[in-house]
Amino acid sequence: MRLRLLSPCILAWCLMPVLPVSAAAPAVNVPAAAATAPQVIVPDFSGVWMPVGTPAALRTVDGQRPPLLPDAAKLYADHQAASVAQRKSLDGMARCLPPGLPRIFLQRMPFEVQQESGAVNVLFQWNRIVRTIELAGTRNPAPLPGATYDGNARGRFVGAELRVDTTGFNDATWLDDSGLPHSTKLHLIERWWMDEGGQRLNIDFEIDDPAVYSEIWKASLSFRRLPRATVIEEDVCVERQGLLTPAAAPVPPKAAAPRTPVKPADKR
Amino acid sequence: MSGRTIFAAVLMCLLPISALQAADAAAGSQRPAAAASVAPRTSAQVRNLAGIWVVAEEPTSRRETVKAEFAVRFPPGVSAGPAAAQSLAESARLCVPTPFFGSSGGYSLRIIQTATQVTLISEENSRVHRIYLDRDFPEKLTPTYAGFTVGHWEGNTLVAETRGLRGAAGMLALPDYHVIERLRRGADGMTLEQDITINSSAYATPAQRSYRYFSRPDLRWQPSVCEEQPAPLVPKVSK
């Protein structure tokens with residue numbers, strides 16, 4: 001009798017630790033190996049997305065200019081007043097360095113989201129940049145050795161949303177094309193959610209950078225889903241920006257003289 | 001039923017779950033090698049190539065004989081060597097993508113797998129290699145550095161075919177590259193084997209290379225930024 005009463009309790013106790021573990025597994029696109037695990041429905045952002053209405057300058061959700069501190073406002077003014085030539089030295093993106101966040105979402109190029117059980121991967125067309133958002137509790141990779149263009153992103157699912165915390169940025173990028181600055185203290189929080197039956201992706205950004213902005217401010221961007229068969233084109237920034245001379249163009253075989261004998265690799 | 005029996009039953013339930021959680025925390029979706037010795041791996045498991053991989057050596061075997069008339073020209077001061085190695089180095093220096101003729105030492109490889117696509121991404125120079133499982137080659141193929149790749153499973157091996165490669169600077173710039181790649185997880189589940197066959201009129205016989213990778217789920221994967229190099233991006237390829 002006591003056993004009959006206790007059995008459901010034991011079963012429930014046994015299952016309790018399983019649920020949070022399986023919660024990280026996406027309901028769709030999960031690798032077959034994980035298909036036997038209990039399924040917990042999480043949103044699936046997989047697909048190809050195209051920005052909708054990409055402004056050059058980020059504004060707060062109520063359309064205001066971000067609350068820049070005085071020194072940062074002066075720096076922003078310098079960025080905006082820069083000539084094309086000056087901009088090449090000020091703006092790393094003109095030299096094909098990564099645009100950083102959220103700026104890369106403002107480029108008029110699609111990006112592909114590939115969702116795994118342990119990570120959400122964003123494959124941008126822009127110079128083939130890949131951003132990996134590690135999902136909390138699934139992997140414990142060693143921390144990045146230093147600050148980077150895209151920072152160190154950690155994500156978790158909260159209901160139908162993906163929430164991403166990113167820190168560890170360098171200060172070599174701008175927040176947008178207009179030159180909004182940020183510092184290494186930038187803490188970017190993203191809230192990803194879909195509407196219109198999964199055809200529209202929305203990302204709400206919360207920008208916390210006490211060295212540059214007087215208060216935390218918010219901005220939002222939207223993206224529309226492209227057809228499943230869409231192929232992300234190969235973008236080569238150094239070619240697009242004309243940073244290579246014509247000599248770098250493919251060489252026809254007939255022009256391959258002088259001939260240099262090549263040792264067969266198996267003789268190395 | 002005594003209290004001791006109930007306690008033992010609860011303990012039995014908890015132990016395997018704790019072990020599972022520990023494995024998940026340490027290795028993400030990868031199961032530790034020890035699990036392979038406990039139970040045979042299912043076809044679903046061996047068909048899962050996802051993970052972070054580091055090349056064991058570069059490569060484990062290689063056979064490549066370039067026809068003399070297609071020998072690559074090298075910049076002054078650069079010694080001649082295997083054509084592919086030279087061309088890859090040149091392309092990497094220029095920050096243009098390179099076709100996925102195997103990985104390079106020192107850079108890890110991330111494989112993302114979904115039902116319709118297997119994607120190989122190298123930390124080196126944002127090399128993205130998409131293998132589509134749900135489509136055929138398009139009728140009109142615009143040549144790109146990475147080419148266009150379709151794949152299918154033959155048993156536990158992913159067989160991928162790449163066409164539409166364009167030549168990179170300093171490379172054997174031929175339009176007829178046709179690459180067959182075979183990827184499989186090793187029997188222990190912790191290694192990845194990659195056999196590549198490159199067909200081209202540049203080769204006397206199809207070039208062949210094999211690579212082996214080790215699973216490293218603990219690694220923080222971080223792509224390099226080629227464009228950070230201080231040298232100018234102007235190529236020095238002689239005419």
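Calculation notes
Residues numbered from 1 in each chain as written. Chains lettered and ligands numbered in written order. Predicted model: local features only at pLDDT ≥ 70, side-chain atom pairs only at ≥ 80, totals over all residues. Helix = DSSP H or I, 4+ residues; strand = E, 2+ residues; numbered from the N terminus. Buried ≥ 20, exposed ≤ 12 C-beta atoms within 10 Å, placed from the backbone. Contact = placed C-beta atoms within 7 Å. Core = buried A, V, L, I, M, F, W, Y, C linked by C-beta atoms within 7 Å. Pairing = 2+ DSSP bridges. Axes fitted to C-alpha atoms, helices over the stretch in contact; angles between N-to-C directions. pLDDT = per-residue confidence, 0-100.

Engineer: Can you tell me about the overall build of chain B, naming the residues and giving the values?
Structural biologist: The secondary structure content of chain B amounts to four helices and 10 strands. From first element to last, N terminus to C terminus, chain B shows the α and β order α-α-α-β-β-α-β-β-β-β-β-β-β-β. Taken over 239 residues, chain B has a buried fraction of 43%. Taking the contacts inside chain B whose residues are at least 6 apart along the sequence as the reference set, 58% of them involve residues at least 24 apart.

Engineer: Go over the overall build of chain A with me, naming the residues and quoting the values.
Structural biologist: When helices and strands are tallied, chain A shows five helices and nine strands. Ordered by position in the sequence, the α and β elements of chain A form the string α-α-β-α-α-β-β-β-β-β-β-β-β-α. The buried share of chain A, reckoned over its 268 residues, is 35%. Excluding contacts between residues fewer than 6 apart, the proportion of contacts in chain A whose partners are at least 24 apart in sequence is 55%.

Engineer: Tell me about the nonpolar core, and name the residues and values.
Structural biologist: Counting residues in hydrophobic clusters, the biggest one holds 59 residues, and the most contacted among them are V120(A), F124(A), L49(B) and I111(B). It is strand β3 (residues 119-124) of chain A that contributes the most residues to this core, five residues altogether. Residues within four places of I111(B) in sequence aside, it is in contact with L49(B), A50(B), G51(B), W53(B), V118(B), T119(B) and L120(B). Of all hydrophobic cores here, the second largest spans 10 residues; its members include Y149(A), C237(A), L94(B) and C226(B).

Engineer: Any chance you could break down the sheet that holds strand β8 (residues 200-208) of chain A for me, citing the residues and the numbers?
Structural biologist: All names here are of chain A. Strand order in the closed barrel made by the nine strands is β1-β2-β3-β4-β5-β6-β7-β8-β9, with mixed pairing throughout. Across this sheet, the average inter-strand angle for adjacent strands is 30°, counted without regard to direction. In this structure, β3 lies alongside strand β4 (residues 130-135), joined through five bridges in antiparallel fashion. Directly across from N121, in β4, lies its bridge partner T132.

Engineer: I'd like a rundown of unusual backbone geometry, residues and numbers included.
Structural biologist: All names here are of chain A. A cis geometry characterises the amide bond from L101 onward to P102, with omega recorded as -10°. Tracing the backbone through its elements, the reader meets P102 in the loop between α4 (84-90) and β2 (111-115). Of note in this structure, N127 is not a glycine but carries a positive phi near 50°. The backbone of E196 shows a phi angle near 50°, a positive value even though the residue is not glycine.

Engineer: So what about the pairing of strand β1 (residues 51-55) of chain B? Which residues, and what values?
Structural biologist: Residue and element names in this part refer to chain B. For β1, the buried fraction is high: four of the five residues fall into the buried class. With four bridges connecting them, β1 and strand β3 (residues 108-113) associate as antiparallel partners. In the strand pairing of β3, W53 is matched with L109. With three bridges joining them, β1 and strand β10 (residues 207-215) adopt antiparallel strand pairing. The partner of W53 across the bridge, within β10, is S215.

Engineer: Tell me what's going on with the pairing of strand β9 (residues 191-199) of chain B, and back it up with residues and numbers.
Structural biologist: All names here are of chain B. Covered by surrounding structure in β9 are L192, Q194, I196 and I198 only, the residues T191, E193, D195, T197 and N199 on the alternate face being uncovered. For strand β8 (residues 178-185) and β9, the ladder comprises eight bridges, and the chain directions are antiparallel. Opposite E181, over in β9, you have I196 as the bridge partner. Turn length for the β8-β9 hairpin, with the two strands adjacent in sequence and antiparallel, is five residues, and the turn residue G189 shows positive phi of about 80°. In this sheet, β10 lies alongside β9 in antiparallel orientation, the contact comprising eight bridges. From the neighbouring strand, E193 faces β10, where its bridge partner is R212.

Engineer: Just give me the short version of the confidence of the model for chain A, but keep the residues and values in it.
Structural biologist: Parts of the prediction with low pLDDT should not have their coordinates interpreted in detail. Residues and elements named next belong to chain A. In the predicted model, chain A carries a mean pLDDT of 80, and the fraction of residues at 70 or more is 74%. Counted against residues more than four places away or in other chains, residues 1-35, with its pLDDT under 50, gives 64 contacts. In the predicted structure, residues 246-268 sits below a pLDDT of 50 and forms 44 contacts with residues beyond four places in sequence or in another chain.

Engineer: An account of the confidence of the model for chain B is requested, with residue identities and associated values reported.
Structural biologist: All names here are of chain B. Of all residues in chain B, 55% have pLDDT values of 70 or greater, and the mean over the chain is 70. Between the elements of chain B, mean pLDDT differs from a low of 37, seen in helix α1 (residues 3-27), to a high of 96, seen in strand β6 (residues 148-154). Counting interchain partners and residues more than four positions distant, the pLDDT-below-50 stretch residues 1-37 has 44 contacts. Counted against residues more than four places away or in other chains, residues 231-239, with its pLDDT under 50, gives 23 contacts. In the predicted assembly, ipTM is 0.74 and pTM is 0.76.

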